[in-house]
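A structural walkthrough
Chain by chain, the residues:
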Amino acid sequence: MRKVVKFGGSSLASAEQFEKVGEIIRAESSRRYVVPSAPGKRFRKDTKVTDMLYGCYALAEKDQDFSHELQQIKERYQEIIDGLKLSLSLEDEFAGIERNFKAHAGRDYAASRGEYLNGIVMAAYLGYEFVDAAEVVFFKPNGEFDAQKTNEVMGERLKKMENAVVPGFYGSNPDGSIRTFSRGGSDITGSIVAKAVHADVYENWTDVSGFLIADPNIIPNPEKIETITYRELRELSYMGASVLHEESIFPVRSEGIPINIRNTNEPDNSGTWIVESTCQKPRFVITGIAGKKGFCSINIEKDMMNAEIGFGRKVLQAFEDNGISFEHVPSGIDTMTVFVHQDEFMDKEQNVVSALHRIADPDMVDIEGDLALIAVVGRGMKSTRGTAGRIFAALAHANINVRMIDQGSSELNIIIGVRDEDFEAAIRAIYNMFVLVQL
């Protein structure tokens, strides 16, 4: 058994948290490759080290004195080192960081140092080998992640090591400069390492015990998702569920490697398993509910639209020409509705309307704003009759008017449009219908 374990910033925010992580790793010899994030918040009003580095570098970019800010970062790491009773000095690393900050090495370099330094501390604490991610994670000249080169180089490097620590979040450009993934990118690094070493499991340790069926800010103590497929997770992540960086799915998905989301503070909790496919029957008809506010709909009506070849292409061209991407396009015989992000659309709405009339010649264009989209996702829905009807019944009972409903042919998810002001009530109504009544 070979496992890759990634730990988030909250799991590594202090020496006490490091000790919890050490106990987890040492509990199973199969946890051979470790991907750490930068130290996160120790308490609610604390500052993440990555944000401290951004602030420090902002001063360096302006050629202002940043010694005080850099000293605060040094103290954060020294507090961890002292708490772990390590005979480790980061003076040389911080001297290099200071030089590179003064030389304006870039924001990506600055942000990456949190993971880099934490990787050194983690390797010293565990007695594992340290591998600088810049030496094994590569980006192309155009900024895209170079998956093939990374997989080859990292796989060759790590197969010679029984145990190793690879910092998350960053890699290197062809010229050797540092480049980072987007925030939360340590999840991606963990997935990349798992693929390179042909891991049996990728464990992602954070501060929650897996995925929840709904947002706990809306539903008090929602039920946990025991098992979720990659496809279900993709749908929920797209609609706002954010325990795992959505791009971290792709490297392991291609290898069929399962992901296990675990809680550092509750290591005995089995968490959530993310798998390619499963014969396990889900506990509930639905797997999860997620959504976003801030959409608007553009309803285009034209008699005999269905008989006009190319009408849909013409409509979407009006949005493309104005640099606007669409979210959903439900349609009827004589109507076609395009859902877009309202903040992207507002300043260009009249340009789009003009383009629609010029290109598609509709009978009418009607715009409605302040809408929310909710995704009800579940592999169990296709084998259960009446799911859409139950959603309508739940929303009707809560006096919520449905503005749109769209179901893909896979029957994996149903998208519902409601008014922004009804968003939370709609999620509660759906959760009550499909989860609470079965408990």
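Use the structure listed above.
Residues numbered from 1 in each chain as written. Predicted model: local features only at pLDDT ≥ 70, side-chain atom pairs only at ≥ 80, totals over all residues. Heavy atoms only, no water.

**Structural notes on the packing of aromatic side chains**
Which entries qualify depends on this criterion: Between rings of Phe, Tyr and Trp, where Trp is taken as its six-membered ring, a pair exists when centres lie within 6.5 Å; planes separated by under 30 degrees are stacked, by over 60 edge-to-face, and by other angles tilted. Two conditions define a charge sitting above a ring: the NZ of Lys or the CZ of Arg must be within 6 Å of the ring centre, and it must be within 35 degrees of the ring normal.
Inspection of every chain in the model, using the stated rule, returns eleven aromatic pairs. Three or more aromatic residues link up through ring pairs in this structure, and these residues are Y57, F66, F101 and Y109. Lying across the ring of F138, K149 places its NZ or CZ 4.3 Å from the centre. Stacked on the ring of F139, the Lys or Arg R179 has its end atom at 5.9 Å from the ring centre.

**Brief notes about the packing of helix α1 (residues 15-27) against helix α3 (residues 67-83)**
Test applied: Helix axes are fitted to C-alpha atoms over the stretch in contact, other axes to C-alpha atoms as well, and angles between N-to-C directions run from 0 to 180 degrees. By the criteria applied, helices consist of DSSP H or I runs no shorter than four residues and strands consist of E runs no shorter than two, each listed in order from the N terminus. Oblique is the label for any angle not under 35 degrees, not over 145, and not in the 65 to 115 range, which are roughly parallel, roughly antiparallel and roughly perpendicular in turn. With the far helix as reference, a near helix turned anticlockwise by less than a right angle produces a left-handed crossing, and one turned clockwise produces a right-handed crossing. Any two residues whose heavy atoms approach within 4.5 Å are treated as being in contact. Each residue receives one of three labels: charged for Asp, Glu, Lys and Arg, nonpolar for Ala, Val, Leu, Ile, Met, Phe, Trp, Tyr, Cys and Pro, and polar for the others, Gly being one of them.
Direction vectors running N to C along α1 and α3 enclose 55°, while the axes themselves pass 8 Å from each other. Accordingly, the angle class assigned to the pair α1 and α3 is oblique. Handedness of the α1/α3 crossing: right-handed. The residues of α3 that touch α1, namely those facing A15, F18 and E19, are E79, I80 and G83. Classifying every residue of the contact of α1 with α3 gives three nonpolar, one polar and two charged.

**Here we look at the pairing of strand β15 (residues 413-419)**
A regular strand carries its side chains on alternate faces of the sheet. Test applied: For every residue, the accessible area obtained with a 1.4 Å probe (protein chains only) is divided by the maximum for its type, and the residue is called buried under 20%, exposed over 50%, and partly exposed between those limits. Think of it this way: DSSP has to see at least two bridges between two strands before they count as a pair.
In terms of residue burial, β15 counts as a mostly covered element, since six of its seven residues are buried. Relative to β15, strand β13 (residues 364-377) runs antiparallel, the two being bridged by seven bridges. Its bridge partner lying in β15, I374 is registered against I416. In the sheet, strand β14 (residues 404-407) pairs with β15 via four bridges, with the strands oriented antiparallel. Note that in β15 the partner of M404 across the bridge is G417.

**Re the sheet that holds β13**
Strands sit in the order β12-β11-β13-β15-β14 across an open sheet of five strands; the sheet is antiparallel. Of all the strands in the sheet, just β12 (335-341) and β14 have a single pairing partner and so form its edges. Each strand of the sheet is rotated relative to its neighbour by a mean of 35°, with strand direction disregarded. Taken together, the seven bridges between strand β11 (residues 288-301) and β12 define a ladder with antiparallel strand orientation. In the sheet register, S297 faces β12, and the bridge partner there is F339.

**Some thoughts on the sheet that holds strand β1 (residues 3-7)**
On the basis of which strands lie adjacent, the open sheet formed by eight strands has the order β3-β4-β2-β1-β7-β9-β10-β8 and mixed pairing. Looking at the sheet topology across the chains shown, the edges are occupied by β3 (129-130) and β8 (227-229). Bridge analysis of β3 against strand β4 (residues 164-165) gives two bridges, and the strand direction is parallel. The residue bridging F130 from the neighbouring strand is V165, located in β4.

**Digging into the nonpolar core**
For clarity, the cut-off: Throughout this description, the term nonpolar core refers to a set of buried Ala, Val, Leu, Ile, Met, Phe, Trp, Tyr and Cys residues connected via side-chain atoms within 4.5 Å.
Membership of the largest hydrophobic core comes to 117 residues, with the highest contact counts inside it found for F101 and L158. The element that contributes the greatest number of residues to this core is helix α5 (residues 107-126), accounting for ten residues. Sequence-distant contacts of F101, that is, excluding residues within four places in its chain, are made with L53, C56, Y57, A60, F66, Y109 and A110. I324, V338, A360 and V365 belong to the second-largest nonpolar core, a separate cluster that totals 19 residues.

**Some thoughts on helix α13 (residues 387-397)**
In an α-helix, one turn spans 3.6 residues; hence positions three or four apart end up facing the same way. Which entries qualify depends on this criterion: Each C-beta atom gives one direction from the helix axis, and the arc is the one those directions make.
Along α13, the residues that are buried comprise T387, I391, A394 and L395. The buried residues of α13 occupy an angular sector of 95° when projected down its axis, which confines them to one face. Residues A396 and H397 are exposed on α13 and point more than 90 degrees away from its buried face. Structurally, α13 contributes buried residues whose contacts are with β13, β15 and α14 (423-434). The first or second residue beyond α13 is N399, which carries a positive phi of 60°.

**A word on a negative patch on the surface**
The test is simple: To count toward a patch, a residue needs a relative accessible area above 30% and no salt bridge. Like charges then connect within 9 Å, nonpolar side chains (Val, Leu, Ile, Met, Phe, Trp, Tyr) within 5 Å. We get accessible surface area from the Shrake-Rupley algorithm with a probe of 1.4 Å; when it comes to residues, only the shown protein chains can shield them. Criterion for a salt bridge: a side-chain nitrogen of Lys or Arg within 4 Å of a carboxyl oxygen of Asp or Glu. Charge counting treats Lys and Arg as positive and Asp and Glu as negative, with His and both chain ends excluded. Note that the charge is assigned to NZ on lysines, CZ on arginines, CG on aspartates and CD on glutamates.
Residues E301, D303, D361, D363 and D366 make up a contiguous surface patch of negative charge. Residue placement: D303 occurs in the loop between β11 and α10 (311-321).

**Thoughts on a positive patch on the surface**
Together, K41, R44, K45 and K48 make up a positively charged patch on the protein surface. Here K48 is to be found in the loop between β2 (31-36) and α2 (49-61).

**Considering the side chain of R76**
This is how the line gets drawn: N or O atoms closer than or at 3.5 Å make up a polar contact, with two conditions inside protein: a donor-capable atom paired with an acceptor-capable one, and, for residues adjacent in sequence, both atoms drawn from side chains.
Looking at the secondary structure, you find R76 in helix α3. Engagement of the side chain of R76 in a polar contact is seen with the backbone oxygen of T47, the distance being 2.9 Å. Apart from the residues within four sequence positions on either side, R76 is in contact with A13, P39, G40, R42, D46, T47, V49 and M52.

**Some points on unusual backbone geometry**
In the Ramachandran plot, D63 falls in the positive-phi region, its phi being about 60° despite a non-glycine side chain. The exposure class assigned to D63 is exposed, which follows from its relative accessible area of 62%.

**Looking at the packing of α10 against helix α12 (residues 349-359)**
Two elements in contact, α10 and α12, have axes whose closest approach is 9 Å; the angle formed by their N-to-C orientations is 145°. Crossing geometry of α10 relative to α12 is assigned as right-handed. Across from K314, V315, Q317, A318, F319 and D321 in α10, the residues of α12 making contact are V352, A355, L356 and I359. A class-by-class count of the residues in the contact of α10 with α12 yields seven nonpolar, one polar and two charged.

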